[in-house]
Amino acid sequence: MTEKPERRFVVEPGGALSGTLQVPGDKSISHRAVMLGAIAEGETAVSGFLDGDDAMATLAAMRALGVAIDGPEQGRLRIQGVGLRGLQAAAGALDLGNSGTSMRLLAGLLAGQRFASRLVGDRSLMKRPMRRVTEPLARMGANIHTEPSGTAPLVIEPVAALEGIDYPLPVASAQVKSALLLAGLYASGETRVTEPAVTRDHTERMLEAFGADVRVAGSQVSVRGGGSLQGGAVVVPGDISSAAFFLVGASIAGTGPLTLTNLGLNPTRTGVIDILQRMGARIHVERERSGAGEPVATLTVEPSRLQGIAIPPDRVPLAIDEFPALFIAAACAEGETTLTGAEELRVKESDRIAVMADGLGALGIQAEPTPDGIRIVGGPVRGGHIQARGDHRIAMAFAMAGLVADAPITIDGCSEVDTSFPGFVDRAREAGLRIRSEEGGA
């Protein structure tokens, strides 16, 4: 994949957030809507689709596999489903860019096909661990290969059939769970996945909406193969992971309420709200409703005086993508914040524990990383120079730190922000952040 030109953010101090904001559509739901719509029968109409780079990588992959998709046009897609057995071999490798979700979920979707596939990505994605997905898929009968290091490219050879398995997840991971459930659609019998802790359940909800024989019992979710999916309408709500940066920003530096509309509040994704409220954030949930099986609401955030806390271990899987933003909240809180049980952060787009600790240190904040977490002592935030290491969430998190810094913050390595939040700079500026984007930077 062609690498993007380098981009940096420069944030001037003195901004404050307020007003009304609609964040882009949920990335996790956008991925799944395209995949399930593609293998369903009939047409699936999607609204609110996130046209960021990651979700667009999934869309391009499904087109390469023979699925006709119109759009996106103002967040709308029309997917002409080909059924479970209607996918066709791609003409070349499927390039998934920076999207780990695309690669891991497609590994499951393609494991039971009767044609070969090869999955590749950018430099970052090609370094991320894939054995956590490929090993249980192999137990189901998939013929799937990685590099000796357990990384991509993933080479998936055709198989006649898969068999359902009973698999206890060694580490809580929605991506691994989802990959196995997707493979389970092509397997004989039942595929059962047991989680050590609750993870996001978008796949289960959407499988049920598409008519799959899926069941949830406590920490176990199962799917029975051999059925079919039926297309329909999918409404994608705003992404809580994108909203997290503004929840933190409005808490640490607001001039009045900031309102976030049409926001997905799936209970497996609301850890960031719970953690911020435990720290003293004034976040109010209003006008709750349901859309396409997902809870949706409006949130109002008011400036708050945050206190450091010990983050409860059972909240960690429910906020795993939001910790870069939460680390900025911890830096602005009084006292000490500690996190444990979050080793998953070390194998994201970057080692988020190490990169965030380095960045916080550069801004004068005491941050001590541990193997599975971090200890942060809140204090005055200085200006400084940050390396986001190409990680979109780290770039956006440190942009919010600029609200309270005593001098400008320059953030290098921001080119991947469009993977999850296209238009971030414009929306942040409209909300009151004094930010600009420049070409260049390391």
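Values in this document were obtained by computation on a predicted structure and should not be read as measured data. (Residues numbered from 1 in each chain as written. Predicted model: local features only at pLDDT ≥ 70, side-chain atom pairs only at ≥ 80, totals over all residues. Heavy atoms only, no water.)

**Quick notes on the pairing of strand β14 (residues 214–217)**
Here is step 1: Across four bridges, β14 lies against strand β15 (residues 220–224) in antiparallel orientation. Pairing of Arg215 across the sheet is with Ser222, part of β15.
Here is step 2: The antiparallel pairing of β14 with β15 creates a hairpin that spans two residues between the two strands, and Gly218 there sits at a positive phi of about 65°. (Pairing = 2+ DSSP bridges. Helix = DSSP H or I, 4+ residues; strand = E, 2+ residues; numbered from the N terminus.)

**Regarding the state of the cysteines**
Here is step 1: Counting across every chain of the model gives zero disulfides.
Here is step 2: Here Cys332 stays free of any disulfide, with the sulfur of Cys414 as its closest cysteine sulfur at 18 Å.
Here is step 3: Look at Cys414 and you get buried, because its relative accessible area is 1%. (Disulfide = S-S within 2.5 Å. Buried < 20%, exposed > 50% of the residue type's maximum accessible area, 1.4 Å probe, protein only.)

**What about the UniProt feature "active site" (unreviewed entry) in the protein chain?**
Here is step 1: On the UniProt side, "active site" (unreviewed entry) is annotated at positions that read Asp321 here.
Here is step 2: Tracing the sequence through the fold places Asp321 in the loop between β19 (294–302) and α9 (323–331).
Here is step 3: For Asp321, a relative accessible area of 11% gives the class buried.
Here is step 4: When neighbours within four sequence positions are excluded, Asp321 is seen to be in contact with Arg200, Ser241, Lys348, Arg352 and Arg393.
Here is step 5: Among the polar contacts made by the side chain of Asp321, one reaches the side chain of Arg200 at a distance of 3.1 Å. (UniProt positions renumbered as here; feature names shortened; annotations may be inferred. Contact = heavy atoms within 4.5 Å. Polar contact = N/O pair within 3.5 Å; in protein donor to acceptor, adjacent residues only side chain to side chain.)

**Some points on the side chain of Asp201**
Here is step 1: For Asp201, the location among the structural elements is in the loop between β13 (190–194) and α6 (202–209).
Here is step 2: A residue is classified by how much of its surface remains accessible, and Asp201, at 17% relative accessible area, is buried.

**Things to note about the nonpolar core**
Here is step 1: Within the largest apolar cluster, 81 residues are counted, with the highest numbers of intra-cluster contacts made by Phe246, Phe323, Ile411 and Phe424.
Here is step 2: No other element matches helix α7 (residues 240–252), which puts nine residues into this core.
Here is step 3: Discounting chain neighbours no more than four positions away, the residues touching Phe424 are Phe9, Phe246, Met396, Ala399, Met400, Val417 and Ile435.
Here is step 4: Within the second largest apolar cluster, 68 residues are counted, among which are Ile29, Leu84, Ala152 and Ala212. (Core = buried A, V, L, I, M, F, W, Y, C linked by side-chain atoms within 4.5 Å.)

**A word on the sheet that holds strand β22 (residues 373–377)**
For sheets, the rule is that strands pair by backbone hydrogen bonds, running either parallel or antiparallel.
Here is step 1: Strand order in this open sheet of three strands is β20-β22-β21, and the pairing throughout is antiparallel. What marks the edges here is a single partner per strand, and that holds for β20 (336–339) and β21 (366–370). Within this sheet the neighbouring strands show an average axis-to-axis angle of 10°, counted without direction.
Here is step 2: Relative to β22, β21 runs antiparallel, the two sharing five bridges. Its bridge partner lying in β22, Glu368 is registered against Arg375. (Axes fitted to C-alpha atoms, helices over the stretch in contact; angles between N-to-C directions.)

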